[in-house]
Amino acid sequence: MNQIVENIERIKKTLPAGVKLIAVSKTKPVEDIQAAYEGGQRIFGENKVQELEQKYGLLPKDIEWHQIGHLQTNKVKYIAPFVSLIHAVDSLKLLQTIDKEAGKCNRVLHCLLQFHIAEEETKFGLDEGEAGELLESEDYRELKNIRITGVMGMATYTEDTGQIRKEFRHLHRIYENLKSKYFTGQEDFKELSMGMSGDYRIAVEEGSTMVRIGSSIFGSRNYKV
Ligand SMILES: *Cc1c(COP(=O)(O)O)cnc(C)c1O
């Protein structure tokens, strides 16, 4: 069996039913994605808009493409026509842009709110207060072409599994809080996107519904290319 397909099979065996595997193919050639596709994988994640757009053009049209990384507002228009899920929404401005571009394509785009749960300093991700402010705003309520279907986060890059577990548990709590406060009665608010190659087992134990796995499927990335 192809090594990529073998890796996917191995990982899938460890995932409980209902947990989706997002194969993160960033920096990897279309041949690798094609191999995974032929093995049955249908959901792929990319973090660069230009690369995502290119790969979308070259690969089968029943692939579900997820934008997993930080997204700049001026790039939304390139992926709005075809993207299935945007994982890392962390501002009202971005949400408004997605809404506008989705409207032009007559689509309702599904989005996840990204939370900053790690100890590491990063500019990306909301805290609970900011999310509350966003969700209670008049501007948000006016949006018709987006639908928030869950939350996403990245744990600290560390060997300390206790720390990682604590951060995922925190994200799960945020998810439950938002669900009961803002999304009661919205059945498709159900996604908890957390877990990557190094920490997905812990993420799954802490309630992840979507794991985003790259290097354990496709091998390590070479950023010099
Ligand atoms: C690259 C990336 C992943 C996958 O990382 P691996 O460690 O290779 O599994 C997951 N999520 C995001 C947001 C990423 O940018």
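Scroll up to find the structure this text is about.
Predicted, not measured: the structure shown is a model, and the values here were computed from it. In this numbering scheme, every chain counts its residues from 1 along its sequence in written order. pLDDT decides what is reported in this predicted model: residues at 70 or higher carry local features, side-chain atom pairs at 80 or more are listed and counted, and totals for whole chains, interfaces and linings draw on all residues regardless. Neither water nor hydrogens contribute to the side-chain values; these are computed over all heavy atoms in the structure.

Enquirer: I would appreciate a short explanation of the pairing of strand β5 (residues 109-115) in the present structure.
Expert: Remember that side chains alternate between the two faces of the sheet whenever the strand is regular. Relative accessibility under 20% of the residue-type maximum defines a buried residue, over 50% an exposed one, and the middle range a partly exposed one, all with a 1.4 Å probe and only protein chains included. Think of it this way: any DSSP run of H or I at least four residues long counts as a helix, any run of E at least two long counts as a strand, and we number them from the N terminus. Among the seven residues of β5, six are classified as buried, and the element is accordingly described as predominantly covered. Pairing between strand β4 (residues 85-89) and β5: three bridges, direction parallel. Across the sheet, residue Leu 85 finds its bridge partner in β5, namely His 110. Consider the strands pointing away from the viewer: the crossover is right-handed when the path from the first strand over the helix to the second runs clockwise. Once you follow β4 into helix α5 (residues 92-104) and on to β5, the crossover reads as right-handed. As defined by bridge partners, β5 adjoins strand β6 (residues 146-153) across seven bridges and the pair is classed as parallel. In the strand pairing of β6, Leu 113 is matched with Val 151. When DSSP finds two or more bridges between two strands, those strands count as paired.

Enquirer: Help me out: how do you make sense of the pairing of strand β1 (residues 20-24) in this one?
Expert: Counted residue by residue, β1 has four buried out of five residues, so it is predominantly covered. Judged from the four bridges that link them, β1 and strand β8 (residues 210-213) form a sheet pairing that is parallel. What sits directly across from Lys 20, in β8, is Met 210. As judged from the two bridges shared by β1 and strand β2 (residues 43-46), these two strands associate in the parallel manner. Across the sheet, the residue bridging to Ala 23 is Phe 44, located in β2. In this fold, β1 hands off to helix α2 (residues 30-38), which returns the chain to β2; that crossover is right-handed.

Enquirer: Explanation requested: the packing of helix α6 (residues 128-136) against helix α8 (residues 161-182) in the structure shown.
Expert: When two helices pack together, their arrangement is captured by the angle between the axes and the distance separating the axes. One can describe the packing of α6 onto α8 by two numbers: an axis separation of 12 Å at closest approach and a directional angle of 25 degrees. The orientation of α6 with respect to α8, classified from their angle, is roughly parallel. Note that α6 runs across α8; the crossing there is right-handed. Packed against α6, whose contacting residues are Glu 128, Gly 132, Leu 135 and Glu 136, the element α8 presents Ile 174, Asn 177, Leu 178, Lys 181 and Tyr 182 at the interface. Any residue that is not Ala, Val, Leu, Ile, Met, Phe, Trp, Tyr, Cys, Pro, Asp, Glu, Lys or Arg is counted as polar, Gly included; the first ten are nonpolar and the last four charged. Along the lines of polarity and charge, the residues of the contact of α6 with α8 split into four nonpolar, two polar and three charged. Every angle, taken between N-to-C directions, lies between 0 and 180 degrees, and every axis is a line fitted to C-alpha atoms, over only the stretch in contact when it is a helix. By definition in this entry, angles of less than 35 degrees are roughly parallel, angles greater than 145 are roughly antiparallel, angles of 65 to 115 are roughly perpendicular, and the rest are oblique. Here a crossing is called left-handed whenever its near helix is offset anticlockwise from the far helix by less than a right angle, and right-handed whenever the offset is clockwise. Contacts between residues were defined by any pair of non-hydrogen atoms, one from each residue, lying within 4.5 Å.

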